[in-house]
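Residues per chain are reported as follows:
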Amino acid sequence: MARPVVLNSSGDVVHKFGDVSRETLERLQIYVDLVLKWQPAKNLIAPSTIPDIWSRHVSDSLQTQWSYPEARTWVDIGSGGGFPGIVTAILLADEPDAHVHMIESNQRKAAFLRTALRETGSKGTVHPGRIESVAKDWRHGPVDAVSARALASLELLFELAEPFTKQGAKAVFHKGQDFQRELDEAADSWQFDLVEKESLVDPLSRMLVFSNLSARPK
């Protein structure tokens, strides 16, 4: 997995690791500008994190796609302001067969996500509605990966992602320093294979990549 881009609060590159093109950085800058423009009306991110938007949100979200770079079709559940869904779409913008689906029940945030996709020239579809309803009636083809960030406990995330993971999709979830407790609790009801990656933004956090996920027989 590549190292993240490190940027300051103005979006200027302080140091750059890995393979992130200038075009990708330009798209990320467009996206951040949109978030800051829409923030007062839409409350897209926690106000306290605005000064650290590049490290707290952008660099952290880059890790989703980097954790499973082979995936081309993503479903991001509970997309909110687009971290990581829009960031994933930006990273895959030049891949002809890539597409990011974003499920968001808040209509105002869904409108923002459509704007962000259009303005950054990224490929994706916004599905307004509850995750359970959209996933149950999914008619948009096979999915390689499901992502979520700062949404719910692992047990609930597994339930929400199950319509996709039972068809073979992997799940890529960000988790904080309490990740081990959540893993232990989820293991009581679910079985899975896990690849655990230390976060490149916060060494106490983890990127968790699940495959062969299924509910344990009751």
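Structure: above.
Just so we're clear, the structure is a prediction, and the values are computed from it rather than from any experiment.

A. The arrangement of the sheet that holds strand S5 (residues 124–128) in detail. The strand order S5-S4-S3-S6-S7-S9-S8 describes an open sheet built from seven strands, whose pairing is mixed. Every interior strand has two partners, whereas the edge strands, S5 and strand S8 (190–198), have only one. Direction aside, the axes of adjacent strands within the sheet are offset by 20 degrees on average. Here S8 runs beside strand S9 (residues 206–215); their pairing, made up of eight bridges, is antiparallel. Within S9, the position partnered with Lys197 by the bridge is Met207. Sheet strands touched by helix H6 (residues 154–165): strand S3 (73–77), strand S4 (99–104), strand S6 (145–148), strand S7 (170–175), S8 and S9. Its angle to S7, the strand with the most contacts, is close to 155 degrees. Each of S7, S8 and S9 is contacted by helix H7 (residues 179–187), which is oriented at about 165 degrees to S8, the strand it contacts most.

B. Seen up close, helix H1 (residues 22–42). Spanning 21 residues, H1 covers 29 Å between terminal C-alpha atoms, matching the ideal 30 Å at 1.5 Å per step. Along H1, the helix axis deviates most sharply at Leu36, where the bend reaches about 30 degrees; the proline Pro40 sits within four residues downstream. Restricting attention to buried positions, one finds in H1 the residues Thr24, Leu25, Arg27, Leu28, Tyr31, Val32, Leu34, Val35, Trp38 and Gln39. In the segment just after H1, Asn43 is the residue with positive phi, at about 50 degrees.

Conventions and cut-offs
- Residues numbered from 1 in each chain as written.
- Predicted model: local features only at pLDDT ≥ 70, side-chain atom pairs only at ≥ 80, totals over all residues.
- Heavy atoms only, no water.
- Pairing = 2+ DSSP bridges.
- Helix = DSSP H or I, 4+ residues; strand = E, 2+ residues; numbered from the N terminus.
- Axes fitted to C-alpha atoms, helices over the stretch in contact; angles between N-to-C directions.
- Contact = heavy atoms within 4.5 Å.
- Expected span 1.5 Å × (residues − 1).
- Bend = angle between axes of the 7 residues up to and from the residue.
- Buried < 20%, exposed > 50% of the residue type's maximum accessible area, 1.4 Å probe, protein only.

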